[in-house]
Amino acid sequence: MEAIELDDFRARHASQTYWCGVWLGGCGHQLFTKLYTDRACHFAHGPDPEHTSTCARKAAGVSSADHLYIKHGLLAWMAEQDVTARATIPREADGSIGREVLFTPAGHTSLRVLLSKSTGSPAPEGEDSAQLVLGPDMASDPDVLLRHGYVNRIQLIPDGTRRRIKVGTERHGGSTEWFDLHEVEFTDAGLTTPAVKEVRRLRTTRRPIGVQAPKTTPQQTRPTVRPTSEETHGIPLPDRAAVMAALEQAVSDGRNRMEIRRWLNQAEEVTHGGATAEENGLIRAAADALLRLERAVGVPTPREPTFQERKALQKVQRLLGSFAEQKRRGFPMVTPHQRRQLAQAAEQASAWLTDVQRSRVEAWQTAPTESAPAPRDPQPPVRAPARRIPPAAPHSARFDAAGLADAVRDVLEHAARVGKTVAFADLCAQVKDLGELPESDQVQVLRRVKPTARPRSPKPQSPALLTALISTEAGTMHPIYRQLANHAGHHLPQQASSTWTDTVKTLHDRYRTP
């Protein structure tokens, strides 16, 4: 979606053409990529001065392609179970498609996935539950529920930038239990979920008349323990209704990406076993809102942290690093003064803290208090002007160096395109987890940063590290760049301000949009 990504996309697919897909109800005419620096890049129809093309695709949401996701997903799922199948997507009389997908597996009965009913046509009645799978909004036949005891359903839920298939079993009585596709089997009786197995077991169990089952001693009930996980840092999972209410509030208030993503992740976790139609609608709305925020489409530009907020965020990161080092050395205590400092800084930088930072701040607020005088507040390390960095040690499994390097690259290349530099504190605020690493690990990450775009200038290019765009708060060369340049063999002079300025200008020229 970024201009630099589109440049790379065009370079890798220079010989290919693109067309408006008829399988999504499109017109079949040629499409072209459009490059923007102030909004999301996208595909668009070519110029049509004669107005001969009328594209009939009106549904722009991701659900308009659900029939394609289902066709691809179920075929791959059947192949994993050594079942060869063909799939067809019938076209309606009015030319529309996507209402149903028909599967013909070798050696098995056919399978029909019905997502919606056609205009003027009622929902199918009397079809075998093993051969028919309904969409989440399709009404089921009461006679089928009574006769077979269940009806299978299918739905797609957001999974990052993809759609994940879930299969549900509606029992007689109205309750539906949802399962991930890997929990479902394909048998001679069609899609078989754990709930389908239970229905069939109960319906085939025979009990002799007149025989009374022996009484069993009632088991002692144990208190219910709310599940915890490493991702929740040992905190019990919150109440389901409270999570959904918080997610709805975050979307309606138009909160930032971090807040919406936090509640969306929790909502998907508490609805893992199945969700109501209302919950699914809310999750889809939140995923769409998060996607719009990440693509910066139709939303105002988020405000940048103020100078005081950036300083407070740096102080939180510095204190947490110092406390972690103290704990590693066997002194897991803080002084009341340090605790007040952390609380004040965390309150001032509250809007920019990550979930991990928040949990660590809360943990240190309840840590034991040290009675003896505490050591001085942590000070920034003094860097030698031209210190040689030793060879990089093997990367720790504690963090994803390659992933962080890619995120840093994206931020720096965006700054290069708009002709700016990025303060190191702002970089840490934009790249999650970077600011929490010690300096040695930060250097390891920054060494991995490589540009993705080819230089546009036809002139010979001099070496220029992308990390030269990292600056201080005052907009001058950051000391960490000298370390990175020396490691790369670009030894800087003692007074390197003019050399650094030339390097920054070179990067801006290379990334300038034509």
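Notes on the structure follow. This one's a predicted model, so the numbers in the text were calculated from it and none came from an experiment.

Details of the nonpolar core
In this structure, Val-408, Leu-412, Leu-427, Leu-434, Val-445 and Leu-446 are the most contacted members of the largest nonpolar core, which totals 36 residues. Element by element, the count of residues in this core is highest for helix α11 (residues 401–417), at eight residues. Those residues in contact with Leu-446, other than ones at most four positions away along the chain, are Val-408, Phe-424, Thr-467, Ile-470, Ile-480 and Leu-484. Counting residues in each nonpolar core, the second largest holds 24 residues, with Val-83, Ile-97, Leu-156 and Val-167 among its members.

Remarks on the sheet that holds strand β4 (residues 85–88)
Here seven strands make up an open sheet; going across it, the order is β4-β5-β6-β7-β8-β9-β10 and the pairing mixed. Looking along the sheet, the strands with just one partner apiece sit at the ends: β4 and β10 (176–180). Averaged over all neighbouring strand pairs, the angle between strand axes comes to 25°, with direction disregarded. In the sheet, strand β6 (residues 111–114) pairs with strand β7 (residues 132–134) via three bridges, with the strands oriented parallel. When the bridges of β7 are listed, Val-113 appears paired with Val-133. With respect to the sheet, helix α2 (residues 66–80) is in contact with β4, β5 (100–105), β6, β8 (150–159) and β9 (162–171), its orientation differing from that of β5 by roughly 15°.

Overview of the pattern of salt bridges
Pairs can form between side chains of opposite charge whenever their charged atoms are close. Taken as a whole, this structure holds 15 salt bridges when the rule is applied. A salt bridge links Arg-112 to Glu-100, with the shortest nitrogen-to-oxygen separation between them at 2.8 Å. Of this pair, Arg-112 sits in strand β6 while Glu-100 sits in strand β5, placing them twelve residues apart in sequence. Just as Arg-112 is buried, Glu-100 falls in that class too. Two residues, Arg-164 and Asp-180, come together in a salt bridge whose shortest N-O distance is 3.5 Å. Here Arg-164 is found in strand β9, whereas its partner Asp-180 is found in strand β10, with 16 residues between them in sequence.

Some words on the environment of Val-101
Structurally, Val-101 is set in strand β5. By relative accessible area, Val-101 is classed as buried at 0%. As a C-alpha pair, Val-101 and Lys-71 span 30 residues in sequence and 6.8 Å in three-dimensional space. Residues in contact with Val-101, not counting those within four places in the same chain, are His-67, Lys-71, Thr-88, Ile-89, Leu-111, Arg-112 and Val-113.

Here we look at α11
Residues spaced three or four apart along an α-helix face the same direction, because each turn holds 3.6 residues. Counted at 1.5 Å a residue, the expected span for α11 with its 17 residues is 24 Å, and the 24 Å between its end C-alpha atoms agrees. For α11, every residue scored as buried is listed here: Ala-401, Leu-404, Ala-405, Val-408, Arg-409, Val-411, Leu-412, Glu-413, Ala-415, Ala-416 and Arg-417. Along its buried surface, α11 packs onto α1 (3–12), β13 (422–423), α12 (424–430), α13 (439–447), β14 (470–471) and α15 (497–511). Count one or two residues on from α11 and you reach Gly-419, which has phi positive near 75°.

What to know about the packing of aromatic side chains
Taken as a whole and assessed by the stated rule, the structure comprises four aromatic pairs. For the ring pair Phe-9 and Tyr-18, a centre distance of 5.9 Å and an interplane angle of 35° mean the geometry is tilted. With 5.3 Å between their ring centres and 55° between their planes, Tyr-18 and Phe-43 make a pair best called tilted. Of the two residues, Tyr-18 is situated in strand β1 (residues 18–19) and Phe-43 in strand β3 (residues 42–45); the sequence distance between them amounts to 25 residues. Through pairs of rings, three or more aromatic residues link up here, namely Phe-9, Tyr-18 and Phe-43.

Things to note about the sheet that holds strand β2 (residues 30–34)
Strand pairing in a sheet takes place through backbone hydrogen bonds and is either antiparallel or parallel in direction. Read across the open sheet, the three strands follow the order β1-β2-β3; overall the sheet is antiparallel. Edge positions in the sheet fall to β1 and β3, since each has one partner strand and no second. Sheet analysis places β2 next to β3, joined by four bridges and oriented antiparallel. Residue pairing across strands places Phe-32 opposite Ala-44, the latter belonging to β3.

Regarding the pairing of β5
Of the pairings in the sheet, the one linking β4 to β5 comprises four bridges and is antiparallel in character. Pairing of Thr-88 across the sheet is with Leu-102, part of β5. As paired elements, β5 and β6 share four bridges and run antiparallel to each other. Paired with Leu-102 across the bridge in β6 is Arg-112. In sequence, β5 turns back onto β6 through a hairpin of five residues, with Gly-107 there showing a positive phi of about 80°.

Rules and cut-offs
Residues numbered from 1 in each chain as written. Predicted model: local features only at pLDDT ≥ 70, side-chain atom pairs only at ≥ 80, totals over all residues. Heavy atoms only, no water. Core = buried A, V, L, I, M, F, W, Y, C linked by side-chain atoms within 4.5 Å. Buried < 20%, exposed > 50% of the residue type's maximum accessible area, 1.4 Å probe, protein only. Helix = DSSP H or I, 4+ residues; strand = E, 2+ residues; numbered from the N terminus. Contact = heavy atoms within 4.5 Å. Pairing = 2+ DSSP bridges. Axes fitted to C-alpha atoms, helices over the stretch in contact; angles between N-to-C directions. Salt bridge = Lys/Arg side-chain N within 4 Å of Asp/Glu carboxyl O. Expected span 1.5 Å × (residues − 1). Phe/Tyr/Trp six-rings, centres within 6.5 Å; stacked < 30°, edge-to-face > 60°.

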